[in-house]
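# A structural walkthrough
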Amino acid sequence: MPHAETPGTEAVPATRMRWWTELPLILLVYACYSAGRLVVRGDVSDAVDHGLALLRIEKALYLNAEHPLNRLFTREPWIGIPADFWYASLHYLVTPALLVWLFRSRAVRYRAARTWLMTSTFIGLIGFTLLPTCPPRLLDPSHGFVDTMAYYSSWGWWGGEASAPRGLGGMTNQYAAMPSLHVGWALWCGVILWKYGRGRWARTAAVVYPLVTTIVVMGTANHYFLDALAGAAVMGAGYLLAPHVTRYADVVKARFRIGATAVPAVSSGPDTAIVSDGCQTSAGERIPRQRQPESRYGAEPGASPTDAGEGAPAPAR
């Protein structure tokens, strides 16, 4: 009788995830992300040229929403200060929190979601490498942008160099504006909340969080609108590549396990005794002159000398 699966239940993953193996992996990816931003600084003049090119494209397409948002955030502290806190903190709090939540309550979905996030992050690092881009806040003031995080730096822990704490701005790559992983990671969070969250609040947060993050990165003059679009495109590419990355990781893991558990065959050396010397006997076949075990009470009545064994006496005539 076929087993009917209860709706809403999820299959148990074949290999249970362990936090002590997942945590080093996530820390490794984050270290690569931070190191990539630090090492690949790019040429400043090229980064400025790329930023100005993006600004010209947006103006030609009437997509230049950065200027009005930045003026609003600068003019209204009750908007600008919370936006700076949003930019400086939620990026590093919400994403790990959702990873932990998936790991604990949606284990069967966790690996695919984690692989999607990590694959997209590595694609973003490639973007930082190939296209260093100056954010709006670092352009010449004649372009009309104000760095709100520097403007309101007395309210938070950050200084005048991106969202880094005071004194640590030199450890970040401030020309890694393209793509915006702030927007990309927020979009990942929105999809996870929409698919696996329960209740109206989860659906609402799934829409509000990436949308507000997109507004914040432009209003604080940290990203262009095209940076936000590129962040969404990176997440789309990571989503498409994640199944292939998972399959490749499974192949590598299987080969590693086979290589680790393989037992070498015992080879017969010159001193090894060969018992059968290549001779084989079929089932029930006796080797010549082999004595059969006698019955406890002698041979069965009517048995021939052969059946009773060669050592048995012949029956009296």
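Above this note sits the structure.
Quantities reported herein were computed from a predicted structural model and do not represent experimental measurements.

Thresholds, definitions, all that
- Along every chain, residues carry numbers that run from 1 in the direction the sequence is written.
- This being a predicted model, a pLDDT of at least 70 is required before a residue's local features are given, and a value of 80 or more before pairs of side-chain atoms are given or counted; all residues contribute to the totals for chains, interfaces and linings.
- The basis for every side-chain value is the complete set of non-hydrogen atoms in the structure, without hydrogens or water.
- Each helix corresponds to a stretch of at least 4 residues labelled H or I by DSSP, and each strand to a stretch of at least 2 residues labelled E; elements are numbered beginning at the N terminus.
- Think of it in three bands: with a 1.4 Å probe and only protein chains considered, a residue is buried below 20% of the maximum accessible area for its type, exposed above 50%, and partly exposed in between.
- Residues are treated as being in contact if the distance between any of their heavy atoms lies within 4.5 Å.
- Every accessible area reported is derived by Shrake-Rupley at a probe size of 1.4 Å, with residue values counting cover from the shown protein chains alone.
- In what follows, salt bridge is the name for a side-chain nitrogen of Lys or Arg lying within 4 Å of a carboxyl oxygen of Asp or Glu.
- Fitted lines through C-alpha atoms serve as axes, helices being fitted only where they are in contact, and the angles separating the N-to-C directions of these axes extend from 0 to 180 degrees.
- Note on terminology: angles under 35 degrees are roughly parallel, angles over 145 are roughly antiparallel, angles of 65 to 115 are roughly perpendicular, and the others are oblique.
- Three residue categories are used. Nonpolar comprises Ala, Val, Leu, Ile, Met, Phe, Trp, Tyr, Cys and Pro, charged comprises Asp, Glu, Lys and Arg, and polar comprises the others, including Gly.
- The nonpolar core is taken to be a set of buried Ala, Val, Leu, Ile, Met, Phe, Trp, Tyr and Cys residues, with the residues joined through side-chain atoms within 4.5 Å.
- Any helix carries an expected span of 1.5 Å times its number of residues minus one.
- In this description, one arc is meant: the one made by directions from the helix axis to the C-beta atoms.

## Considering the overall build of the protein chain
The helix and strand inventory of the protein chain stands at 10 helices and zero strands. The linear arrangement of helices and strands in the protein chain, starting from the amino end, is α-α-α-α-α-α-α-α-α-α. Per-residue burial for the protein chain yields a buried fraction of 35% across its 317 residues. Long-range contacts, defined as pairs at least 24 residues apart, comprise 81% of the intrachain contacts of the protein chain with a sequence gap of at least 6. With the model as given, the accessible surface of the protein chain reaches about 20100 Å², and the carbon-plus-sulfur share is 64%.

## As for the pattern of salt bridges
Under the criterion given, the structure shown has three salt bridges. For Glu76, the salt bridge is made with Arg75, and the minimal N-O distance between the two is 3.8 Å. Taking relative accessible area as the criterion, Arg75 reaches 54% and is therefore assigned exposed. The partner of Arg137 in a salt bridge is Asp147, with the nearest N and O atoms 3.4 Å apart. Taken as a pair, Arg137 in the loop between helix H5 (107–130) and helix H6 (148–151) and Asp147 in the loop between H5 and H6 lie far apart in primary sequence, 10 residues in all. The pair Arg137 / Asp147 is uniform in exposure class, with both members buried.

## Concerning the packing of helix H3 (residues 66–75) against helix H4 (residues 77–105)
Each pair of packed helices can be summarised by the angle the axes make with each other and by the distance between the axes. At their nearest, the axes of H3 and H4 sit 5 Å apart, and the two run at 105° to each other. Taken together, the axes of H3 and H4 lie roughly perpendicular to each other. Side by side, H3 and H4 meet where Leu72, Phe73 and Arg75 of the first sit next to Pro77, Ile79, Gly80 and Ala83 of the second. A per-class count over the contact of H3 with H4 returns five nonpolar, one polar and one charged.

## Quick look at the nonpolar core
Counting 23 residues, the largest nonpolar core has Leu102, Leu117, Trp188 and Ile192 as the members making the most contacts within it. Listed by contribution, the elements that provide at least two residues to this core are H4, H5, helix H7 (181–196), helix H8 (200–219) and helix H9 (225–261). A per-element tally of this core places H7 first, with eight residues. The residues contacting Trp188, other than those within four sequence positions of it, are Thr95, Leu98, Leu99, Leu102, Ala113, Trp116, Leu117 and Met235. Leu69, Tyr87, Val183 and Met218 belong to the second-largest nonpolar core, a separate cluster that totals 13 residues.

## Here's the deal with helix H2 (residues 44–60)
Structural remark: α-helix, 3.6 residues per turn; residues separated by three or four positions point the same way. The end-to-end C-alpha distance of H2 is 24 Å, a good match for the 24 Å that 17 residues give at a rise of 1.5 Å each. Burial in H2 covers these residues: Ala47, Gly51, Leu52, Leu54, Leu55 and Glu58. All buried residues of H2 project into a common sector of 155° when viewed along the axis, lining one side. Opposite the packed face of H2, turned more than 90 degrees from it, sit the exposed residues Arg56 and Ala60. Tyr62 sits one or two residues past H2 and shows a positive phi near 55°.

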